[in-house]
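Here is what each chain is made of, one letter per residue.
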Amino acid sequence: MFFEILTLFPSMFEGVLSDSIIKRACDKGLVSFRLVDFRDFTEDKHRTVDDYPYGGSPGMLIKPAPLARAITASKDRLKAMAPKTVYLTPQGELLTHDKAKSLSEEQSLILLCGHYQGIDQRIIDHYVDLEISMGDYVLSGGEIPAMALIDSVTRLIPGVLGNNDSAPGDSLYNGLLSPPQYTRPEVFENKRVPEVLISGHHENIRKWQKEQSIAMTKAKRPDLWERYFKKQTEQKSSEF
Ligand code: 4H7
């Protein structure tokens with residue numbers, strides 16, 4: 001997977017991209033990155049990237065021309081890898097496990113990080129393939145969402161995770177939340193680890209974990225539970 005990141009703040013990515021799982025995926029040659037400061041695509045003396053919005057709303061917008069030049073240059077360079085251009089925006093479709101999975105099957109992604117009050121709509125209409133949001137809240141830029149997307153997508157690329165942190169063990173992989181987990185000691189502040197987990201009886205442990213997953217999902221995320229339940233009943237009825 002090739003990630004090309006278009007941002008006004010390339011240095012924000014340094015720590016994240018040079019650490020842990022993403023770094024290992026880079027070292028293994030499974031993902032690569034390029035950071036592009038689209039201010040480099042301005043043509044005026046002051047390297048202006050923002051301008052006032054038509055219609056007089058408050059704040060500033062990112063001008064279309066430098067962005068269009070930056071995206072075109074990236075698309076040209078990556079054309080052998082059929083890049084999809086993704087804009088991180090609160091107006092986008094929510095990122096889910098399934099969406100991250102389908103993005104992980106792309107060869108390359110151009111991630112566009114907005115600032116100010118956003119970008120000119122003509123860029124969205126004519127240059128952007130997908131608008132993605134990390135949730136219903138506002139951040140000052142698209143950089144943190146881009147990092148979250150990179151992390152979640154990278155984890156799903158075959159070969160990135162070792163057995164110790166495999167994706168099937170992740171919460172949401174199967175549509176349910178993770179069951180509660182415990183490590184040593186067996187008694188901590190007078191609280192015991194659930195007996196079944198120290199029993200060594202693997203079948204009972206799996207059963208307990210599944211029940212806990214279901215109970216937690218029902219209690220904390222009824223929306224996920226409903227989807228899970230529907231999917232299960234669909235699968236069951238298609239067996240006949
Ligand atoms: C595009 C348009 C993503 C990107 C507007 C980005 C939340 C998310 C941004 C804006 C983001 C998310 C700029 C609108 C700053 C608000 C104060 C960058 N915020 N912003 N304004 N949920 N912000 O994924």
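The shown structure was predicted, so the numbers you read here are calculated from the model rather than taken from an experiment. (Residues numbered from 1 in each chain as written. Predicted model: local features only at pLDDT ≥ 70, side-chain atom pairs only at ≥ 80, totals over all residues. Heavy atoms only, no water.)

A. Local environment of unusual backbone geometry. Note that the residue after Arg-184, namely Pro-185, is joined by a cis bond; omega there is 5°. Inspection of the secondary structure assignment puts Pro-185 in the loop between α6 (143-155) and β8 (187-188). Phi at Ser-20 is positive, roughly 45°, even though this residue is not glycine. (Helix = DSSP H or I, 4+ residues; strand = E, 2+ residues; numbered from the N terminus.)

B. Molecular detail of the sheet that holds strand β5 (residues 84-94). The strand order β2-β1-β6-β5-β7 describes an open sheet built from 5 strands, whose pairing is parallel. Edge positions in the sheet fall to β2 (32-37) and β7 (130-133), since each has one partner strand and no second. Here the strands of the sheet are splayed against their neighbours by 30° on average, with no regard to which way each runs. The sheet strands contacting helix α3 (residues 64-77) are β1 (2-7), β2, β5 and β6 (108-113), and the helix crosses β1 at an angle near 170°. Seen against the sheet, helix α4 (residues 97-104) touches β5, β6 and β7 and runs at an angle of roughly 135° to β7. (Pairing = 2+ DSSP bridges. Axes fitted to C-alpha atoms, helices over the stretch in contact; angles between N-to-C directions. Contact = heavy atoms within 4.5 Å.)

C. Just the nonpolar core, in detail. The biggest cluster of nonpolar side chains holds 29 residues, and the ones touching the most others in it are Phe-3, Leu-111 and Leu-149. The set of elements that each furnish at least two residues to this core consists of β1, α2 (20-27), β5, α4, β6, β7 and α6. If you tally residues by element for this core, the top one is α6, at 5 residues. With sequence-adjacent residues up to four places away left out, Leu-111 is seen in contact with Phe-3, Glu-4, Ile-5, Leu-6, Val-86, Leu-88, Ala-146, Leu-149 and Ile-150. Counting residues in hydrophobic clusters, the runner-up holds 19 residues, among them Leu-8, Ala-70, Ile-110 and Ile-124. (Core = buried A, V, L, I, M, F, W, Y, C linked by side-chain atoms within 4.5 Å. Buried < 20%, exposed > 50% of the residue type's maximum accessible area, 1.4 Å probe, protein only.)

D. View of the pattern of salt bridges. Scanning the model with the defined rule gives 15 salt bridges in all. Glu-4 is the partner of Arg-77 in a salt bridge, and the nearest nitrogen-oxygen pair spans 2.6 Å. Here the residue Arg-77 occupies a position in helix α3, and Glu-4 occupies one in strand β1, the gap between them amounting to 73 residues. Residue class for Glu-4 comes out buried when judged on its relative accessible area of 0%. Linking Arg-47 and Asp-40 is a salt bridge whose minimum nitrogen-to-oxygen distance equals 3.2 Å. The class of Arg-47 is partly exposed, set by a relative accessible area of 35%. It is possible to trace a salt-bridge network through shared partners that takes in Glu-4, Arg-34 and Arg-77. (Salt bridge = Lys/Arg side-chain N within 4 Å of Asp/Glu carboxyl O.)

E. Spotlight on the packing of helix α8 (residues 202-220) against helix α9 (residues 222-238). At a minimum axis separation of 5 Å, α8 and α9 run at an interaxial angle of 125°. Classified by the angle between their axes, α8 and α9 sit oblique to one another. Residues Lys-210, Ile-214, Thr-217, Lys-218, Ala-219 and Lys-220 of α8 pack against Pro-222, Leu-224, Trp-225 and Tyr-228 of α9. (Parallel < 35°, antiparallel > 145°, perpendicular 65-115°, else oblique.)

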